[in-house]
Amino acid sequence: MSIWWSLHLRREAASVPLARRLLLGTMETAGVDPDTSYDLSLALGEACANAVEHAGEGSAEFRVTAYLDGEKCRIEVADSGPGFPQETARVIARNPLPVDAESGRGLRLIEELADHVHFGNRSGRGGAVISFDKIVKWRADAPLALTT
């Protein structure tokens, strides 16, 4: 058994906790370990906040998609703004942030909380995409883990 959902959210601050609560509720219902759920919800909050802040004036919404299947949860946040500068993914991976950096801390946090992270741009329509996944730890009584 697997769970998949997708949200189209308004590009406003109130959408960030909404996405986090939906993810936490889904994971609790499925039986995911609370520490794993918290890490993923925090990473999701950072990715959503990035979309809200940087998606650009012409972008009214962003999309969150989550897959919970077997031993992995994969989350993608996509907007239709200007996207990441071409070198962003490589720069993030190679360079430490200065302690007093005003931006980029959320992207670093996502990297610390997830097992695999990809920062990129949507092909065709434009916009940024942040996707990340994490190996899931299950509670002993997890209903979803029992059926995998």
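Above this text you will find the structure in question.
Predicted, not measured: the structure shown is a model, and the values here were computed from it.

(A) Molecular detail of the overall build of the chain. Across its full length, the chain carries five helices and five strands. Its helices and strands in sequence order give the chain the pattern β-α-α-β-β-α-α-β-β-α, from N to C terminus. Residues counted as buried form 42% of the 148 residues belonging to the chain. When contacts within the chain are restricted to residue pairs at least 6 apart in sequence, long-range pairs at least 24 apart make up 66% of them. Within the structure as shown, the chain displays about 8400 Å² of accessible surface, and the carbon and sulfur contribution to it stands at 52%.

(B) Representation of the packing of helix H1 (residues 15-30) against helix H2 (residues 34-54) in the model. Relative to each other, H1 and H2 sit at 155°, their axes nearing to 9 Å. The angle between H1 and H2 falls in the class roughly antiparallel. Helix-helix and strand crossings are classified by hand; for H1 and H2 the assignment is right-handed. Packed against H1, whose contacting residues are Val16, Ala19, Arg20, Leu23, Leu24 and Met27, the element H2 presents Ser37, Tyr38, Leu40, Ser41, Leu42, Leu44, Gly45, Cys48, Ala49 and Val52 at the interface.

(C) Structural context of the pattern of salt bridges. Under the criterion given, the structure shown has five salt bridges. Between Glu111 and Arg108 there is a salt bridge; the shortest N-O distance is 3.6 Å. Taken as a pair, Glu111 and Arg108 lie in helix H4 (residues 105-113) at a separation of three residues, close to a single helical turn. The partly exposed category is assigned to Glu111, whose relative accessible area is 26%. One salt bridge connects Arg139 with Asp141, and the closest N-O pair in it is separated by 3.0 Å.

(D) Here's a closer look at the environment of Arg10. Tracing the sequence through the fold places Arg10 in strand E1 (residues 2-10). Spatially, the C-alpha atoms of Arg10 and Ala60 are 5.9 Å apart, while their sequence positions differ by 50 residues. The residues contacting Arg10, other than those within four sequence positions of it, are Ser15, Ala60, Glu61 and Phe62.

(E) Examining the nonpolar core more closely. Leu44, Val64 and Phe132 are the most contacted members of the largest nonpolar core, which totals 33 residues. Those elements giving two or more residues to this core turn out to be E1, H1, H2, strand E2 (61-69), strand E3 (72-79), H4 and strand E5 (128-135). In terms of residue count, H2 provides more of this core than any other element does, seven residues in total. With sequence-adjacent residues up to four places away left out, Leu44 is seen in contact with Ala19, Arg20, Leu23, Val64, Ile75, Val77 and Phe132.

Definitions and cut-offs
Residues numbered from 1 in each chain as written. Predicted model: local features only at pLDDT ≥ 70, side-chain atom pairs only at ≥ 80, totals over all residues. Heavy atoms only, no water. Helix = DSSP H or I, 4+ residues; strand = E, 2+ residues; numbered from the N terminus. Buried < 20%, exposed > 50% of the residue type's maximum accessible area, 1.4 Å probe, protein only. Contact = heavy atoms within 4.5 Å. Areas by Shrake-Rupley, 256 points an atom, 1.4 Å probe, with all protein chains shown as cover. Axes fitted to C-alpha atoms, helices over the stretch in contact; angles between N-to-C directions. Parallel < 35°, antiparallel > 145°, perpendicular 65-115°, else oblique. Left-handed = near helix turned anticlockwise from the far one by under 90°. Salt bridge = Lys/Arg side-chain N within 4 Å of Asp/Glu carboxyl O. Core = buried A, V, L, I, M, F, W, Y, C linked by side-chain atoms within 4.5 Å.

Nothing here speaks to function; it is all geometry.
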